[in-house]
Amino acid sequence: MNYEKALSLYRSDKTLQLLRAEHFPLLVGFFHLVFKQQDRISYSQNELQGILGDYLYGLERQGINEYAKPPLDYLSKWAQQGYLRRYYESADEPVYELSPSTENAL
């Protein structure tokens, strides 16, 4: 692998972007808890938003106050960044699941 290929990979690979993400500890801790430990593939938006709200509250109780945005803001941002896949099955409510690159990172 030459320099240009390595640089291209560094800039464009979603797995590497997750590992360099600003909220990496939050992302990995939360995704592992809700998807891997619970052995779940997908969540409705309301369900995942509620769980993330509880998770953020738990972090706040531990003195970690870096995450002040509402849970839905994080979910939307993570979907835009490609860490979560957001889609509609049959209802009006979106469903979230891990993207393949996030699966690789975990």
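Data block above holds the structure.
The present account deals with the structure reproduced in this document. (Residues numbered from 1 in each chain as written. Predicted model: local features only at pLDDT ≥ 70, side-chain atom pairs only at ≥ 80, totals over all residues. Heavy atoms only, no water.)

**Notes on the overall build of the protein**
- Along the protein, the regular secondary structure elements total six helices and three strands.
- N-terminal to C-terminal, the α/β element order of the protein is α-α-α-β-α-α-β-β-α.
- Burial status across the protein gives 32% buried among its 106 residues.
- Carbon and sulfur atoms form 48% of the exposed surface of the protein, whose accessible area is close to 6800 Å². (Helix = DSSP H or I, 4+ residues; strand = E, 2+ residues; numbered from the N terminus. Buried < 20%, exposed > 50% of the residue type's maximum accessible area, 1.4 Å probe, protein only. Areas by Shrake-Rupley, 256 points an atom, 1.4 Å probe, with all protein chains shown as cover.)

**Points about the nonpolar core**
- Counting residues in each nonpolar core, the largest one holds 22 residues, and the members touching the most others are Phe31, Phe35, Leu48, Trp78 and Leu84.
- Contributing elements (two or more residues each) for this core: α3 (24–37), α4 (45–61), α5 (71–80) and β3 (95–98).
- When sequence neighbours within four positions are dropped, the list of residues in contact with leucine 84 reads Phe31, Phe35, Leu48, Leu75, Trp78, Ala79, Tyr96, Glu97, Leu98 and Ser99. (Core = buried A, V, L, I, M, F, W, Y, C linked by side-chain atoms within 4.5 Å. Contact = heavy atoms within 4.5 Å.)

**Brief notes about the side chain of glutamate 97**
- Relative to the helices and strands, glutamate 97 resides in strand β3.
- Separated by 2.6 Å, the side chains of glutamate 97 and arginine 85 make a polar contact.
- Among the polar contacts made by the side chain of glutamate 97, one reaches the side chain of tyrosine 87 at a distance of 3.1 Å.
- With residues near it in sequence (within four places) discarded, glutamate 97 still touches Phe35, Ile41, Ser42, Leu84, Arg85 and Tyr87. (Polar contact = N/O pair within 3.5 Å; in protein donor to acceptor, adjacent residues only side chain to side chain.)

**A word on the packing of aromatic side chains**
- Counted by the stated rule, this structure contains eight aromatic pairs.
- Measuring from centroid to centroid gives 6.3 Å for phenylalanine 30 and tryptophan 78, while their planes differ by 40°, and the two rings are tilted. Linking phenylalanine 30 in helix α3 with tryptophan 78 in helix α5, this pair joins segments that are 48 residues apart in sequence.
- Ring pairing ties together the aromatic residues Phe30, Phe31, Phe35, Tyr43, Tyr55, Tyr67, Tyr74 and Trp78, which thus form one cluster.
- The ring of tyrosine 43 has arginine 40 lying over it, and the distance from NZ or CZ to the ring centre is 4.0 Å.
- Between the NZ or CZ atom of arginine 85 and the centre of the ring of tyrosine 87, over which it lies, the distance is 4.4 Å. (Phe/Tyr/Trp six-rings, centres within 6.5 Å; stacked < 30°, edge-to-face > 60°. Lys NZ or Arg CZ within 6 Å of the ring centre and 35° of its normal.)

Any functional reading would require information beyond the geometric quantities listed.
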